[in-house]
Amino acid sequence: MATMPDMVTGMTASPSPREGSLSTEASPAPITGAGATAALLVVLFGSFMDLLDATIVTVAAPAIAQDLGAGDAQIQWTIAAYTLALGAGLITGGRLGDQYGRKRLFMVGLAGFMVTSALCALAADPGMLIGMRAGQGLTAGIMVPQVFGIIRASFAPGERAKAFGAYGAAQGLASVAGPLLGGLLVDADLFGLGWRTIFWINVPVSILALVIGAKVLPESRSASTARLDLPGALLAATGILLLLLPIIQAETWGWTWGSYALLAAGIVVLVIFLAYERRLTGRGAEPVFDTALLRIRAFTVGLGASVLFFGGIGSYFLTLSIYLQNGTGRTAWETGLVILPYALGSIITSGLGVALAVKAGRTLLVTGSLTIAASQLVLWFIVKDGDDPGYWLLALALFIGGLGLGLAAPILVNVVLAGVPGRNAGAAGGVLSTVNQIGGAVGIAVLGTVFFSAAAGAPGLPDHGHALGIVLIASAALYLVTALVMLALPKAAVEHAE
């Protein structure tokens, strides 16, 4: 999901489908001066909106539920639909840009994001909001990969590192701004629009970025003409959706034969997906997922570590936000202030993590996961008695968690890539970036369902504290297992110039 883990630095691999496709570029001359600054600001805006919209919606979730009459499962889908669609978009977004032009695809994705944001703001019922959130995620998945491609192809080597540094700073700013801006807009209730302003705000800024981008963004593309594996992308997205559907709907549907049938169907579709991808590889085509990667131990371990690590983040902030507002009675703005220390902690340690990754990447990953687990156990101890713990105790627990996130999240992909041959690095990086989003959606489905089942719709603090406590224990155990899995990863990250 585009959550706080997306606060990635220049160390993190871009979701580009093939390393080979980057070796033959049809690129413009490097841009410099004011034009370079303007172009950088436009593409950074796209990545900024991606993370901002995820964190904003998490804080606004209780207000959305109250206004639209959304049930617990529908709130989970409002967030998971964006994350899942984003992952699906990333599968093909990078290759589309390589083939048809990165500026063109960035502009198409940005325009689509603007339109779907407006439709989210106009949503008359939960179903429309969920559908448009999926549209937002899909257009973001088209837009975001172009940011890396445009910077890589359009900036001179000396300026490229600065541009990627600015990207990391923009992601850090978005992680801070999201909870605060979401809370401010919901509480301000501008023009009586309430939570809808968190989507309306994207429209005028997107129009401005489109106008400037049309003038200043250079066009670039890869000389590769490989066909897109759209059937593979559709099979992967369908299989994952079939798996998530009965989990998120468990509280509403219960576990009937239909639920188990959907789970079985999801597994069958994913098996068909792997068989189809293997056949494409055998014919010399370029699948969205090269099954040969599964024979690389570092990659298979990395897949498991990514799903586990990012599976706990999205659900954590969703359940915490509902606990703070529906349980303790805090406003959306006060909830944003509580979450702020987490973002600040992650900003503090992310630079340290990146700097030390090429020497002690695995140690940082394990330390970061254990720190997150410790912070959740501290928070469990604070909320388990059913009393309102107060701001500073909450802030302390969240700050500790943010420190752990900053150590691990920005470098996880690059540590995994250290065990992948160079010829496979582009494909592996793209798959891992997608799996990060899928892990977030799965976490929201599983841990979100655990929370809502335990809270049982009760508005009181004791019930919400009990429900959050269950999630915290489960999540802490998840990060302990994650740390154990990470011990099998390479010792250090690969070092990338960009």
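Here the structure is shown first, and the text comes after it.
In short, a report on the structure. These numbers come from a predicted model, not from an experiment. (Residues numbered from 1 in each chain as written. Predicted model: local features only at pLDDT ≥ 70, side-chain atom pairs only at ≥ 80, totals over all residues. Heavy atoms only, no water.)

## Comments concerning the packing of aromatic side chains
In the structure shown here, the tally under the stated rule is nine aromatic pairs. Relative to Phe-199, the ring of Trp-195 lies with its centre 6.1 Å away and its plane at 90 degrees, an arrangement referred to as edge-to-face. Overall, Trp-195 belongs to the buried group, its relative accessible area being 3%. Phe-199 sits in the buried class, given a relative accessible area of 0%. Note on Tyr-391 and Trp-392: the rings are 5.0 Å apart at their centroids and 85 degrees apart in plane angle, and the pair reads as edge-to-face. Members of the aromatic cluster, joined through ring pairs, are Phe-309, Phe-310 and Tyr-479. Above the ring of Trp-380, the side-chain terminus of Lys-384 is found at 5.9 Å from the ring centroid. (Phe/Tyr/Trp six-rings, centres within 6.5 Å; stacked < 30°, edge-to-face > 60°. Buried < 20%, exposed > 50% of the residue type's maximum accessible area, 1.4 Å probe, protein only. Lys NZ or Arg CZ within 6 Å of the ring centre and 35° of its normal.)

## Notes on helix 12 (residues 313–327)
Relative to the 21 Å expected for 15 residues at 1.5 Å per residue, helix 12 spans 20 Å between its end C-alpha atoms, a close match to the ideal helical length. Positive phi shows up at Gly-329, right after helix 12, with a value of about 85 degrees. (Helix = DSSP H or I, 4+ residues; strand = E, 2+ residues; numbered from the N terminus. Expected span 1.5 Å × (residues − 1).)

## Some thoughts on the pattern of salt bridges
Tallied over the entire structure, the rule returns two salt bridges. Measuring nitrogen to oxygen at the nearest pair gives 3.4 Å for the salt bridge that ties Arg-196 to Asp-67. One end of the pair, Arg-196, is in the loop between helix 5 (157–188) and helix 6 (197–200); the other, Asp-67, is in helix 1 (residues 33–68), with 129 residues separating them in the sequence. Residue Arg-330 pairs with Asp-388 through a salt bridge whose shortest N-O separation is 3.2 Å. Of the two residues, Arg-330 sits in the loop between helix 12 and helix 13 (332–383) while Asp-388 sits in the loop between helix 13 and helix 14 (391–408), which places them 58 residues apart along the sequence. (Salt bridge = Lys/Arg side-chain N within 4 Å of Asp/Glu carboxyl O.)

## So, a nonpolar patch on the surface
There is a patch of nonpolar side chains on the surface, built from Ile-207, Leu-208, Val-211 and Ile-212 and spanning about 330 Å² of accessible area. Positionally, Ile-212 belongs in helix 7 (residues 202–216). The class for Ile-212 is partly exposed, based on a relative accessible area of 33%. (Patch = residues over 30% accessible without salt bridge, like charges linked within 9 Å, V, L, I, M, F, W, Y side chains within 5 Å. Areas by Shrake-Rupley, 256 points an atom, 1.4 Å probe, with all protein chains shown as cover.)

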